[in-house]
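# Chains, contacts and geometry: an overview
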Amino acid sequence: IDISNWKSDFNPSVVDYDFLIVQCTWGGGELSVNGIINSVWPGADPKIQACLKRGKKMGFMHYIRGRKSAEDEAKFFYENTKNYIGLGIPMVDWENGDNSVFGNYDYLDRWVKKYIELSGVPPIIYAGAKDYAKTSEVAKKHNCGLHIAQYADTDSHYGYQETLWNEGAYTCAIRQYSSKTYISGYSGRLDVNKFYGDEAAWDKYANPKG
């Protein structure tokens, strides 16, 4: 499952999942909206701590907005989430919705380069399937995994799926396959994902030197 500030009522202690990805930061300090304060979601940490307490795998994510330099925005994510390094996988969200530099892959390249310099950990890059080709070039350059979103439809689903629509069409570490799935323990719809690896593989993405 992956969640953001729009799922502030999600309880990580009661819903069934193998891993939880939590969006923690948006931009570089310039955004305050819907629970986000100066580009940080304070509600993210309680979700992450509840996930770790259960012994589940965790990812922590940044949403690129492009209002600051790539280096400054990467540093902002690092400074606000550095306590999670080694405990979960750092991830970066590269999509069109609220991103003023979307399509500028040099910006993404520089963001990833700076984050690796600061943290020592290559982040997994989230993008839509239509942006796979150029995003995968950046990922390959920096030895990053990919988190690719592609849905068979926009219908509601119930429970996790094992065999996904269009599976194998591209190489990725994680596939987000629905944004309207209902899982026991939460009344609303959720983003659900499949990780192509075991627990040891997840831990190596999180802590490649450990």
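Predicted model, so just to flag it, every value in this text is computed and none were measured.

Ile1, Trp111 and Ile125 are the most contacted members of the largest nonpolar core, which has 47 residues in total. Elements represented by at least two residues in this core include exactly strand 2 (19-26), helix 1 (44-53), strand 3 (57-63), helix 2 (70-81), helix 3 (105-119), helix 4 (132-142), strand 6 (146-149) and strand 9 (190-195). In terms of residue count, helix 3 provides more of this core than any other element does, 6 residues in total. In this structure Trp111 touches His62, Ile64, Ala70, Glu73, Ala74, Phe77, Val92 and Pro123, once residues within four positions along its chain are discounted. The next biggest cluster of nonpolar side chains, apart from the first, holds 13 residues, and it includes Phe19, Ile89, Tyr126 and Ala206.

Bringing the side chain of Ser178 into the picture now. Along the polypeptide, Ser178 turns up in strand 8 (residues 174-182). Overall, Ser178 belongs to the buried group, its relative accessible area being 2%. Here Lys180 takes part through its backbone nitrogen, which lies 3.1 Å from a polar atom of the side chain of Ser178. Those residues in contact with Ser178 that lie beyond four places of it in its chain are Tyr151, His157, Leu190, Asp191 and Val192.

Moving on, we get to the packing of helix 3 against helix 4. Direction vectors running N to C along helix 3 and helix 4 enclose 25°, while the axes themselves pass 10 Å from each other. As the angle between them shows, helix 3 and helix 4 are arranged roughly parallel. For helix 3 against helix 4, the interelement crossing comes out right-handed. Taking contact as the criterion, the partners of Tyr105, Leu108, Asp109, Val112, Lys113 and Ile116 in helix 3 are, on helix 4, Lys134, Thr135, Val138, Lys141 and His142. Counted by class, the contact of helix 3 with helix 4 contains 5 nonpolar, 2 polar and 4 charged residues.

Definitions and limits used
Numbering of residues begins from 1 in every chain and follows the order in which that chain's sequence is written. Given that the model is predicted, a residue must reach a pLDDT of at least 70 before its local features are reported, and side-chain atom pairs must reach 80 or more before they are shown or counted; all residues, however, enter totals for whole chains, interfaces and linings. To obtain the side-chain values, all non-hydrogen atoms of the structure were used and water was disregarded. Residues belong to a common nonpolar core when they are buried Ala, Val, Leu, Ile, Met, Phe, Trp, Tyr or Cys residues joined through side-chain atoms within 4.5 Å. Type-normalised accessible area, obtained with a 1.4 Å probe on protein chains alone, sets the label of each residue: buried when under 20%, exposed when over 50%, and partly exposed for intermediate values. Counting from the N terminus, the helices are the DSSP runs of H or I reaching at least four residues and the strands are the DSSP runs of E reaching at least two. It only takes one pair of heavy atoms within 4.5 Å for two residues to be counted as in contact. Whenever a nitrogen or oxygen atom comes within 3.5 Å of another N or O atom, the pair is scored as a polar contact, on the condition that within protein one atom can donate a hydrogen and the other can accept it, and that pairs from neighbouring residues in sequence are kept only if both atoms are in side chains. An axis is simply a line fitted to the C-alpha atoms; with a helix, the fit covers only the stretch in contact. Between two such axes, the angle follows the N-to-C directions and lies from 0 to 180 degrees. Throughout, the term roughly parallel applies to angles under 35 degrees, roughly antiparallel to angles over 145, roughly perpendicular to angles from 65 to 115, and oblique to all others. Rotating anticlockwise by less than a right angle from the far helix to the near helix defines a left-handed crossing, while the corresponding clockwise rotation defines a right-handed one. All residues other than Ala, Val, Leu, Ile, Met, Phe, Trp, Tyr, Cys, Pro, Asp, Glu, Lys and Arg, Gly among them, are scored as polar; the first ten of these are nonpolar and the last four charged.

By themselves, these observations are geometric and do not establish any function.
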